[in-house]
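Residue-level structural notes
Listed below are the residues making up each chain.
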Amino acid sequence: MKKLLAMTAVAALTLSTSVLAQEGKDVFDKACHICHEMGIAGAPKAHTADWEPRLAKGVDALLNSVKSGLNAMPPGGMCTDCTDEDYKNAIGFMSTK
């Protein structure tokens, strides 16, 4: 019975993370636009070709850069409550032309 409860809890948490993921535009508007709208401190501007060489590294590498910080960007960027899925959604939004 305890195993069943534990497995149910893990499944619920896994599903709720996916369901609660923020939309890329929402994350951008909340946190990313501060630098990525104008390209402050070398940040790639949203919706431009600036993203092409970065995307070539792969989403996992970009996610690692966001979480660890890169150049002038602090760890986590400006989003204090973002999950990995939120960051991926924001990257997807910003990197589309």
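Further up the page is the structure itself.
Each value, and the rule that gives it
- What you see as residue numbers is a count from 1 along each chain, following the sequence as written.
- Restriction of local features to residues with pLDDT of at least 70 applies here, the model being predicted, together with a cutoff of 80 or more for giving and counting side-chain atom pairs; totals for whole chains, interfaces and linings are based on all residues.
- Processing note: side-chain calculations cover all non-hydrogen atoms of the structure and skip hydrogens and water entirely.
- Any two cysteine sulfur atoms lying within 2.5 Å of each other are counted as a disulfide.
- Relative accessibility thresholds used throughout: buried, under 20% of the residue-type maximum; exposed, over 50%; partly exposed, between the two (1.4 Å probe, protein chains only).
- Segments assigned H or I by DSSP are reported as helices when at least four residues long, segments assigned E as strands when at least two residues long, and all are numbered from the N terminus.
- Any N or O atom pair separated by 3.5 Å or less is treated as a polar contact, with the protein-specific requirement of one donor-capable and one acceptor-capable atom, and with residues adjacent in sequence counted only for side-chain atom pairs.
- Two residues qualify as a contact provided that any one of their heavy atoms is within 4.5 Å of a heavy atom in the partner residue.

Going through the model one piece at a time under the given rule, you end up with 1 disulfide. With a sulfur-sulfur separation of 1.9 Å, Cys 79 is cross-linked through a disulfide to Cys 82. Torsion about the S-S bond of the Cys 79 and Cys 82 cystine: about 85°, corresponding to right-handed handedness. Taking relative accessible area as the criterion, Cys 79 reaches 8% and is therefore assigned buried.

All right, on to the side chain of Gln 22 then. One can find Gln 22 in the loop between helix H1 (2-19) and helix H2 (24-36). A distance of 2.9 Å separates the side chain of Gln 22 from the side chain of Lys 30, its partner in a polar contact. Setting aside residues no more than four positions away along its own chain, Gln 22 makes contact with Val 27, Lys 30, Asp 81, Cys 82, Asp 86 and Asn 89.

So yeah, pure geometry; function would need other evidence.
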